[in-house]
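# A look at the structure
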Amino acid sequence: MSLNASAARTLREIQQIPGNEVCADCGALDPGWGSCSLGVFICLDCSGIHRNIPAISKVKSLNLSHWEDHELQLMAENGNQMAKSKYEAAVPVYYYKPTHKDCRLLREQWIRAKYERKEFTEPAKSFTYDEGERRDGMLMKRGRDNGQFLSRRFVLSEREGTLKYFTKYDAKEPKAIIKIDGMNATFQPEKIGNPNGLQITYLKDYSTRSIFVYHDSGKEIVDWFNSIRAVQLRYLQVAFPGATDTELIPKLTRNFLKEGYMEKTGPRQTEGFKKRWFTLDHRRLMYYKDPLDAFAKGEVFLGNKDHGYSVSAGLPAGTYRNGAWQHGITIKTPDRCYLFTCELESDQQDWLKHFSDVMSAQMSPQEYTMEALFKHRA
């Protein structure tokens, strides 16, 4: 049975209430679905997650489904703001709240944490991802050379401010010690080829090292992710005692601004263009032969436009071009020129926008330090 005119009108009126114009779970605009058991408006993607957890939610289309009078009344009496005050009453400040741009795993675990496990309804509740001094467990890690995923022990220590991993559970010495203040973690399911895939990056000998891990349990890997964020926040609270949590949260884990293939030429600009995988991590542009390489083949620091950094469309006249990709980008730094080509004009325009935005942003003291590090390395 389809939606009748009266119910459609009622739902439209309810959706005008502030908070109901976005998805209750990921913030996507103009949600087209509703949970008639929770009384929230949600987007198509999140409705699919709700549908897979029937114990917590019954979803209906706002435009196509038949709504009973009592269901409309529940939507009117609840709504997104009321649900937020109940199910998000005590979300830790470091906990990553996914948006519509994030992977399905993060959104699913956020939805399960809110409605199924009710993790945030009581202020004094303890969290598995906030276990205090130490988190210790096994994750599947991709081998640097052979590409095989093998079980490795990871230990996150708040007291030491480190993440360590061991090749054997009872090994006395860790294979790597990663300082929490210099590491990042971001979910990369498509790149890693696993829906629970997490990429961890950190500085090693002036170069960015990437390790790729996953856990069969979606909850477990997201708990690790939020544990890292919790430890990072506490480290920053000590390092910057005058800063507010609002100022510190953006310094925790971050998603890459953009990734994808471009072609690049060498410093003499006569070597020919080669296809490389590029990752833009705020002011660091890294390029790899393969997206899953442990180390970048090279890195470019993107400083402020007032300090000798610029980006423009196209390539210098007379540039030797051997590749098929025609949409050029030129980046100038105080030290040299970098030339890239994109396959599509839309890719070129997207890269240009990101580069321009980064170069227009003011640099922090930490970024000036990073710039000096790059020059020292060069």
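What counts, and at which threshold
Residues numbered from 1 in each chain as written. Predicted model: local features only at pLDDT ≥ 70, side-chain atom pairs only at ≥ 80, totals over all residues. Heavy atoms only, no water. Axes fitted to C-alpha atoms, helices over the stretch in contact; angles between N-to-C directions. Helix = DSSP H or I, 4+ residues; strand = E, 2+ residues; numbered from the N terminus. Parallel < 35°, antiparallel > 145°, perpendicular 65-115°, else oblique. Contact = heavy atoms within 4.5 Å. Nonpolar A, V, L, I, M, F, W, Y, C, P; charged D, E, K, R; others polar. Pairing = 2+ DSSP bridges. UniProt positions renumbered as here; feature names shortened; annotations may be inferred.

### Some remarks on the packing of helix 5 (residues 104–116) against helix 7 (residues 218–239)
- Between helix 5 and helix 7, whose axes approach to 10 Å, the crossing angle comes to 95 degrees. By the angle class used here, helix 5 and helix 7 are roughly perpendicular. Packed against helix 5, whose contacting residues are Leu105, Leu106 and Gln109, the element helix 7 presents Gly218, Lys219, Ile221, Val222 and Phe225 at the interface.
- Within the contact of helix 5 with helix 7, the residues separate by chemical class into five nonpolar, two polar and one charged.

### A closer look at the sheet that holds strand 11 (residues 258–264)
- The strand order across the open sheet built from seven strands is 14-13-12-11-17-16-15, with neighbouring strands paired in antiparallel fashion. In this open sheet, the two strands that pair with only one neighbour each are strand 14 (298–301) and strand 15 (310–313). On average, each strand axis in the sheet is tilted by 35 degrees relative to the strand beside it, whichever way the strands run.
- Against the sheet, helix 9 (residues 345–360) touches strand 11, strand 12 (274–281), strand 13 (284–288), strand 15, strand 16 (327–332) and strand 17 (337–342), its axis set at about 15 degrees to strand 16.

### Things to note about the UniProt feature "domain: Arf-GAP" (unreviewed entry) in the protein
- Mapped onto the present numbering, the UniProt feature "domain: Arf-GAP" (unreviewed entry) falls on residues 8–128.
- As a span, residues 8–128 carries 39% helix and 7% strand, and end to end its C-alpha atoms are 42 Å apart.

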